[in-house]
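Summary of the model geometry
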Amino acid sequence: MEPIIKVENVSMCFNLSSEKHESLKEYFLAMVQGRLQYDEFYALKNVSLDIMPGDFYGLVGLNGSGKSTLLKTIAGVYKPTTGKISVSGTIAPLIELGAGFDMDLTARENIYLNGTVLGYSPKYLNSKFEEIVEFSELREFLDVPLKNYSSGMVTRLAFAIATITKPDILIADEILAVGDFLFQQKCEKRMQELMSGGTTVLFVSHSIEQIERMCNKVAWLSHGHVKMNGDTATVCEAYKQAQREEV
């Protein structure tokens, strides 16, 4: 069986300005005059992973370890500086809270806006509208602008829209971190249903308990490198042991 996601020696380099500029004018003057200086920062360094169809694949690591950057390169948000990523199938990305939404529009309007961004037709969204509303539990707030929503409410809406079909790949970055406990359980159940239907899930969470409960494979990232990857129990135990030794 071929991997549904193949990451081959991927590195991601960002150029960070090494000087502080007091204004936009000063920045552009320095740029025009060729005086801008940058420091290179590698968020990912020679990362290789094979994710198989049907995997519930978790990523663990401290803040700044490269987890979100890796998800964004797989989703096509970033183009790797070096290396290659091959993806077979459709992706439903839940990476940045509010991405694909217009915060000045109502939830009702954003269902159609965000759904269109994800490639759904207005006719299809009409047929799934009630299902989206019911899952998100936001019926009484449908005509309220999203700028008045809490982060948890925005997450509910984003998750409900992204999972109305069974994508080949679901990418979820800390999607359960801002919801209440009951909604987290609801999302976990939906993701398990998607996986039982053949969807591959790539999942980031700072909750090691969630990772252990939901994932069958895990990769541990540290300073942009894959420190360890394999079965969940082995990788998570090594990761927890390293955290205990650092305390």
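Here goes a summary of the coordinates provided. (Residues numbered from 1 in each chain as written. Predicted model: local features only at pLDDT ≥ 70, side-chain atom pairs only at ≥ 80, totals over all residues. Heavy atoms only, no water.)

Some words on the environment of Asn110
For Asn110, the location among the structural elements is in helix α3 (residues 107-117). For Asn110, a relative accessible area of 0% translates into the label buried. If we ignore the near neighbours within four places in the chain, the residues touching Asn110 are Phe101, Asp102, Leu105, Gly115, Leu146, Leu157 and Ile161. In this structure the side chain of Asn110 is engaged in a polar contact, spanning 2.8 Å, whose partner is the backbone nitrogen of Asp102. (Helix = DSSP H or I, 4+ residues; strand = E, 2+ residues; numbered from the N terminus. Buried < 20%, exposed > 50% of the residue type's maximum accessible area, 1.4 Å probe, protein only. Contact = heavy atoms within 4.5 Å. Polar contact = N/O pair within 3.5 Å; in protein donor to acceptor, adjacent residues only side chain to side chain.)

Considering the state of the cysteines
By the definition in use, this model includes 0 disulfides. Looking at Cys215, it has no disulfide partner, and the nearest cysteine sulfur is the one in Cys236, 7.5 Å off. (Disulfide = S-S within 2.5 Å.)

Looking at the pattern of salt bridges
Under the criterion given, the structure shown has 11 salt bridges. A salt bridge links Lys217 to Asp55; its shortest N-O distance comes to 3.5 Å. Pair noted here: Lys217 is in strand β8 (residues 217-222) and Asp55 is in the loop between β2 (38-51) and β3 (56-60), with a separation of 162 residues, a long-range link. Since its relative accessible area comes to 28%, Lys217 is described here as partly exposed. What makes Asp55 buried here is its relative accessible area of 5%. With its nearest N and O atoms 2.9 Å apart, the salt bridge here joins Lys240 to Glu212. Of this pair, Lys240 sits in helix α8 (residues 232-246) while Glu212 is found in helix α7 (residues 208-214), placing the two residues 28 residues apart along the sequence. Residue classification places Lys240 among the partly exposed residues on the basis of a relative accessible area of 24%. Judged by relative accessible area, Glu212 falls into the partly exposed class, the value being 32%. (Salt bridge = Lys/Arg side-chain N within 4 Å of Asp/Glu carboxyl O.)

Keep in mind these values describe shape, not function.
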